[in-house]
Amino acid sequence: MDIRVLKYFVTVVEEENILKASQVLHITQPTLSRQLIDLEKELNCKLFIRSNRKITLTSEGLFLYNKAKEIILLQAKTINALKNSHEIISGDIYIGCAETNAFKFLAKTMTKIKKTHKDIHYHIFSGNADTVIEQLDKGILDFGLLIDAHDKQKYNFITLPVKDIWGLLLLKNSPLADKEYITSSDILNIPLICSGQTMVSNKIAGWLNQNFTQLNIVANYNLIYNASIMVQENLGSALCLANLVNTNDTNLCFKPLYPPLEAQIDLVWKKHQILTKPAQLFLQNFQEYLLYNKDK
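Residues numbered from 1 in each chain as written. Predicted model: local features only at pLDDT ≥ 70, side-chain atom pairs only at ≥ 80, totals over all residues. Heavy atoms only, no water.

Caption draft 1: Main features of the packing of aromatic side chains. Scanning the model with the defined rule gives 8 aromatic pairs in all. Taken together, a centroid distance of 5.3 Å and an interplanar angle of 45° make the contact between Tyr 181 and Tyr 258 tilted. Of this pair, Tyr 181 sits in the loop between strand E6 (155–171) and helix H7 (184–187) while Tyr 258 sits in the loop between strand E10 (252–256) and strand E11 (262–270), and the two are 77 residues apart along the sequence. Its relative accessible area of 45% is what places Tyr 258 among the partly exposed residues. (Phe/Tyr/Trp six-rings, centres within 6.5 Å; stacked < 30°, edge-to-face > 60°. Helix = DSSP H or I, 4+ residues; strand = E, 2+ residues; numbered from the N terminus. Buried < 20%, exposed > 50% of the residue type's maximum accessible area, 1.4 Å probe, protein only.)

This is how it looks when you write it as structure tokens:
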């Protein structure tokens, strides 16, 4: 399977039209069509459902599309690392981040590096811990910023000097909004919007001291922005971390759980993985930043 053909395939998917894709790729439409037919023959499966207006993917096509993007990104990352291995430090750093206000530690490190290494570029992928770990394991990401969710036998890690706290994002006119804290008895019977991660459900279940399935969960979320909209529309209240939603000038408020439920935050990277020079530089500066600011 030629990487060039995979790039053709991805372009066709994203343009949803072979003619438009051929124009983007600067090749003829018959040539592109033939390449796609040959790809389907090689894989012995149908990738597209063709119509006059646009093409859509089969389930096999969607699977290949997601894998092809990973392969193309990994190829580009590998070439870039090798090209820059004997030059002034430049290139790309790939970081996957769970939603946490502690990302500011990484952002400050990026800003510091940018002053002396203007040719280093950052690619930040926001997602939950499950997604970030998957991308780390495939070698697509250099680092992951994770919350309470990694195998310390499998990864190197640096624990950040802050912790996030769990709480409830709710409407200001909710009966619970007047409370200073949210207890387990407060949330047992109200409609809840929760993270879809297994780790989160286990952590909340431990805090509740009962089965997570006993809660009235009306929706799951991946990233908090959509969850906050569901809360605004009165679908339910969201269990989430503090400081992720700006509640100023909104109809929302955040109340911490009691007893307090804290989350540890770590920067992780795979053991035995050779980091690129930009990634090594980032790690060194990140460690120095934490050391310098540990008592501040």
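Next comes the rest of the account.
Caption draft 2: Summary view of the side chain of Asn 17. Its location among the elements puts Asn 17 in the loop between helix H1 (3–15) and helix H2 (18–25). Within the structure, Asn 17 has its side chain in polar contact with the backbone nitrogen of Lys 20 (distance 3.0 Å). Apart from the residues lying within four places of it in its own chain, the contact partners of Asn 17 are Val 12, Arg 53 and Ile 55. (Polar contact = N/O pair within 3.5 Å; in protein donor to acceptor, adjacent residues only side chain to side chain. Contact = heavy atoms within 4.5 Å.)

Caption draft 3: Structural view of unusual backbone geometry. Between Tyr 258 and the following residue, Pro 259, the backbone shows a cis peptide bond with an omega angle of 0°. Mapped onto the secondary structure, Pro 259 falls in the loop between E10 and E11. The backbone of His 26 sits at a positive phi, close to 60°, despite the residue not being glycine. Structurally, His 26 is set in the loop between H2 and helix H3 (29–43).

Caption draft 4: The arrangement of empty space enclosed by the protein in detail. Summed over all chains, the structure comprises 2 cavities of 30 Å³ or more. Taken as a whole, the largest cavity spans an internal volume of roughly 190 Å³. The wall of the largest cavity is formed by 18 residues, among which Glu 99, Ile 147, Ser 195, Gln 197 and Leu 241 lie closest to the centre. Mapped onto the lining of the largest cavity, the elements with two or more residues apiece are helix H8 (198–208) and strand E9 (237–241). Considering only residue class, the lining of the largest cavity consists of 12 nonpolar, 5 polar and 1 charged. (1 Å grid on protein atoms, 1.4 Å probe; cavity = no way out; pocket = protein on both sides within 12 Å on 5 of 7 lines; lining within 4 Å. Points joined across faces, edges and corners; volume = space filled by probe spheres on them. Nonpolar A, V, L, I, M, F, W, Y, C, P; charged D, E, K, R; others polar.)

Caption draft 5: Structural detail: the environment of Val 200. Its place among the elements puts Val 200 in helix H8. The buried category is assigned to Val 200, whose relative accessible area is 4%. Remark: the alpha-carbon pair of Val 200 and Phe 212, spanning 12 residues in sequence, is separated by 9.9 Å.

Caption draft 6: Region of interest: the pattern of salt bridges. Per the counting criterion, the structure on display carries 7 salt bridges. Residue Arg 4 is joined to Asp 2 by a salt bridge in which the shortest nitrogen-to-oxygen separation is 3.6 Å. Classification of Asp 2 as partly exposed rests on a relative accessible area of 37%. Residue Asp 137 pairs with Lys 154 through a salt bridge whose shortest N-O separation is 3.0 Å. Linking Asp 137 in helix H6 (residues 129–137) with Lys 154 in the loop between strand E5 (143–147) and E6, this pair joins segments that are 17 residues apart in sequence. With relative accessibility at 40%, the residue Lys 154 sits in the partly exposed group. Here the salt bridges share partners, and the residues they tie into one network are Lys 67, Glu 70, Glu 134 and Lys 138. (Salt bridge = Lys/Arg side-chain N within 4 Å of Asp/Glu carboxyl O.)

Caption draft 7: Region of interest: the pairing of E11. Across 4 bridges, E5 lies against E11 in antiparallel orientation. Each residue of the ladder has a partner; that of Leu 145, found in E11, is Leu 267. The pairing of E6 with E11 spans 8 bridges and is classified as antiparallel. Residue Tyr 155 lies in a different strand from E11, and its bridge partner there is Lys 270. (Pairing = 2+ DSSP bridges.)

Caption draft 8: Examining the packing of H1 against H3 more closely. At a closest axis distance of 10 Å, the pairing of H1 and H3 adopts a crossing angle of 110°. The angle between the axes of H1 and H3 places the two elements in the roughly perpendicular class. Touching Arg 4, Val 5, Tyr 8, Phe 9 and Val 12 of H1 are Leu 32, Gln 35, Leu 36 and Leu 39, all from H3. Per-class residue counts for the contact of H1 with H3 are 7 nonpolar, 1 polar and 1 charged. (Axes fitted to C-alpha atoms, helices over the stretch in contact; angles between N-to-C directions. Parallel < 35°, antiparallel > 145°, perpendicular 65-115°, else oblique.)

Note that every value here comes from positions in space, so none of it alone points to a role or purpose.
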